[in-house]
Amino acid sequence: MLINFFHAVQDICLIIVGWAMRATLFFCLAMLVFAVPLCAQEDIDDEEPIPSSVDQIVAPMDRLVEKKPVPPVLFPQLKELLRKTTPFLRDTSLDLNLRTFYLRKSVYDGSVSEAWAIGGALSYKSGWLFDRVGIGATLYTSQPVYAPENHDGSGLLASGQKGYTVLGQLYGRVRLLEGTFLNLYKFGDFNTPYLSQNDNRMTPYTFEGYTVTGKMGWGGGSSLVFGGGYILKIKDKTSESFIWMSEKAGSEAKRGVATLGARYSIGGFSIGAIDYYSDDIINIGYAETSYTLDLTKELGFRLAAQYTDQRSTGENRLTGSNFSTCQGGVKADMSYRSGIITLAYTANATGQNLVNPWSGYPGFTSSQVTNYSKAGVNAFGARFSYDFTRLGLEGVAAYFQYVHGWGMVDQKTKAPLPNEDEFNSDLQWRPKWRYLEGLWLRGRYAVVHQNEEPRQYTHDCRITVNYDITLM
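Residues numbered from 1 in each chain as written. Predicted model: local features only at pLDDT ≥ 70, side-chain atom pairs only at ≥ 80, totals over all residues. Heavy atoms only, no water.

(A) Local environment of the overall build of the chain. When helices and strands are counted, the chain shows five helices and 19 strands. A burial count over the chain gives 54% of its 472 residues as buried. For the chain, the computed accessible surface area is about 21600 Å², with 63% contributed by carbon and sulfur atoms. (Helix = DSSP H or I, 4+ residues; strand = E, 2+ residues; numbered from the N terminus. Buried < 20%, exposed > 50% of the residue type's maximum accessible area, 1.4 Å probe, protein only. Areas by Shrake-Rupley, 256 points an atom, 1.4 Å probe, with all protein chains shown as cover.)

(B) Main features of the confidence of the model for the chain. This prediction gives the chain a mean pLDDT of 87; 88% of its residues lie at or above 70. Ignoring residues within four places in sequence, the model shows residues 1-40, a span with pLDDT below 50, making 94 contacts including any to other chains. (pLDDT = per-residue confidence, 0-100. Contact = heavy atoms within 4.5 Å.)

(C) A look at unusual backbone geometry. Although it is not a glycine, Gln161 adopts a positive phi angle of roughly 60°. By secondary structure assignment, the location of Gln161 is in the loop between strand S3 (133-146) and strand S4 (164-177). We note that Asp280 has phi near 70°; this positive angle belongs to a residue other than glycine.

(D) Fine view of the side chain of Ser196. Along the chain, the position of Ser196 falls in the loop between strand S5 (180-187) and strand S6 (206-217). Overall, Ser196 belongs to the buried group, its relative accessible area being 0%. From its side chain, Ser196 meets the backbone nitrogen of Asn198 in a polar contact 3.4 Å long. (Polar contact = N/O pair within 3.5 Å; in protein donor to acceptor, adjacent residues only side chain to side chain.)

(E) Expanded view of the layout of surface pockets. The volume enclosed by the second largest pocket comes to roughly 740 Å³. Lining the second largest pocket are 36 residues, and of these Lys105, Arg201, Gln368, Val369 and Asn371 lie nearest its centre. Only helix H2 (41-47), strand S1 (93-106), strand S18 (439-450) and strand S19 (457-470) provide two or more residues apiece to the lining of the second largest pocket. (1 Å grid on protein atoms, 1.4 Å probe; cavity = no way out; pocket = protein on both sides within 12 Å on 5 of 7 lines; lining within 4 Å. Points joined across faces, edges and corners; volume = space filled by probe spheres on them.)

(F) Representation of the packing of aromatic side chains. The tally for this structure, following the rule as stated, stands at eight aromatic pairs. Between Tyr194 and Tyr276, the ring centres sit 6.2 Å apart and the planes meet at 75°, which makes this aromatic pair edge-to-face. With Tyr194 in the loop between S5 and S6 and Tyr276 in strand S10 (residues 269-278), the pair connects residues that are 82 residues apart, well separated along the chain. Given the relative accessible area of 0%, Tyr194 is considered buried. Of the residues examined, Tyr276 reaches a relative accessible area of 1% and is grouped as buried. Ring geometry for Tyr194 versus Tyr361: centroids 6.4 Å apart, planes at 75°, classification edge-to-face. Taken together, the positions of Tyr194 in the loop between S5 and S6 and Tyr361 in the loop between strand S14 (339-348) and strand S15 (378-387) put the pair 167 residues apart, joining distant regions of the chain. A single burial state applies to Tyr194 and to Tyr361, both of which are buried. (Phe/Tyr/Trp six-rings, centres within 6.5 Å; stacked < 30°, edge-to-face > 60°.)

(G) Local environment of the environment of Ala415. Here Ala415 lies in the loop between strand S16 (396-406) and strand S17 (420-429). Not counting residues up to four positions away in its chain, the partners in contact with Ala415 are Met408, Val409 and Asp410.

(H) The pairing of S4, seen in detail. Sheet topology places S3 next to S4; 10 bridges connect them, and they run antiparallel. Bridging from a neighbouring strand, Gly134 pairs with Arg173 of S4. Pairing of S4 with S5 involves seven bridges; the strand directions are antiparallel. By the bridge assignment, Val174 is partnered in S5 with Leu182. Linking S4 back to S5 in an antiparallel pair, the connection comprises two residues, with Gly179 at a positive phi of about 85°. (Pairing = 2+ DSSP bridges.)

(I) Spotlight on the pattern of salt bridges. Counted under the stated rule, the structure contains 16 salt bridges. Of the charged contacts in the structure, one is a salt bridge between Glu315 and Arg317, with a shortest N-O distance of 2.7 Å. Residue Arg317 is classed as partly exposed on the basis of its relative accessible area of 39%. Each member of the salt-bridge network shares a partner with another, and the members are Asp131, Arg132 and Arg175. (Salt bridge = Lys/Arg side-chain N within 4 Å of Asp/Glu carboxyl O.)

(J) Quick look at the nonpolar core. Membership of the largest hydrophobic core comes to 23 residues, with the highest contact counts inside it found for Tyr194, Leu195, Phe207, Met245, Tyr276, Ile282 and Trp358. Secondary-structure elements contributing two or more residues to this core are strand S7 (223-235), S10 and strand S11 (282-294). The element best represented in this core is S11, accounting for three residues. What Tyr276 contacts, discounting residues up to four positions off in sequence, is Thr192, Pro193, Tyr194, Leu195, Val257, Ala258, Thr259, Ile282, Asn283 and Ile284. In terms of nonpolar packing, the next biggest core, distinct from the first, is built from 12 residues, Phe101, Leu103, Ala121 and Leu156 among them. (Core = buried A, V, L, I, M, F, W, Y, C linked by side-chain atoms within 4.5 Å.)

(K) Spatial organisation of the pairing of S11. By the bridge criterion, 10 bridges tie S10 to S11 in an arrangement that is antiparallel. By the bridge assignment, Ile274 is partnered in S11 with Tyr286. Between S10 and S11, which follow one another and run antiparallel, lie three residues, and Asp280 among them has a positive phi close to 70°. Bridge count between S11 and strand S12 (residues 299-311): 12 bridges; the pairing is antiparallel. Looking at the pairing, Ile284 lines up with Gln310 of S12.

(L) Fine view of the environment of Leu74. By secondary structure assignment, the location of Leu74 is in the loop between H2 and helix H3 (76-81). Judged by its relative accessible area of 35%, Leu74 falls in the partly exposed class. Along the sequence, Leu74 and Asp95 sit 21 residues apart, while their C-alpha atoms lie 9.8 Å from each other. Not counting residues up to four positions away in its chain, the partners in contact with Leu74 are Tyr435, Ile469, Thr470 and Leu471.

If you want it as structure tokens, here you go:
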């Protein structure tokens, strides 16, 4: 009785929070007709450096306005040769990403996934033709160094521990207005909470479709980023071909995804929302708000809240029946000098597991191994990160994280599932020396412990070396 009462109270609270966040979502959508490129929390941990203050923290809706540092040009002589040509040639960029990745994961059932791969990406991007049209392409490859046949499934190589090489991006860009662009065909630079590159293996997701993105700014430091489009297909990380978005979600139907949303920010405050609609498959709405306050030069605080609503659409071709679920979360960060303490909490409705077929999972408590996206789960996380530059170790940073999940139920039988604890550790080094600014060395280790009988463990070890080079 007490458990049923707790679940009822939890669902009522989620409904109340849900309607409030939905109002925010639909208000933002009513103002705009385009979706915004946003980003998922899980992607952030996989792709971003460890912050040293709350001003550097990246949330699921923050990377759309982020400008990544550009490494020094390795061959400036080539750029000089093009200096007097048209902007289409003169402003050409050629970037090389060198990557090696080792992953070993042992899960509850005793199976092991393990591989060591080497590869990367070669990216070409033109300048503007007539100040309006540009093109680009990216070639990806991943090849085995060590790949035991009986340890398949690491996500670093294709099925059977085989290497692959694929033209993952081939796109055109049209400058419609200053700051507003039309993106066409096969592209990868699309990062939203539930639809993103999710670049946490050798190759990211890339997409086939059409989007419009843009940004407007006003006095007082306020800005609005917007965009939108229709994504038809997705290329999985280890695949050489594109499939329909609905097929990636688990349906045999052939459907794309329409996306719509926006993000507004002024000072330390931001609010944004995005919606994904796939006919007969699923509708996902996501909203987030955050506020950053610097009390002193060394002391800062950041508060954030998020809400997700997922439900079936049309003919229910994803599961064969009607479904709906939701998730709410809050997060607080405090930074002092080079250290940050983070506390986060998320709660899911008991209806169904949340899904994330086209990206990482944006929940504030998502971790290296576990998303805490199952039906009924409550999750509390604590994290401490530190940048050691202040101690003379420039570019060295680390974090330790603990997440406890409870209240999970089987989405079909509603029977309770065992509670789980996950412990994460992460050590990174990003040199600041010239020509090594694009180098990133990283070691990660995670343990997931299932509390109730049978007491089981998952171990996940990852070592990566990533080097971004601008050739010209």
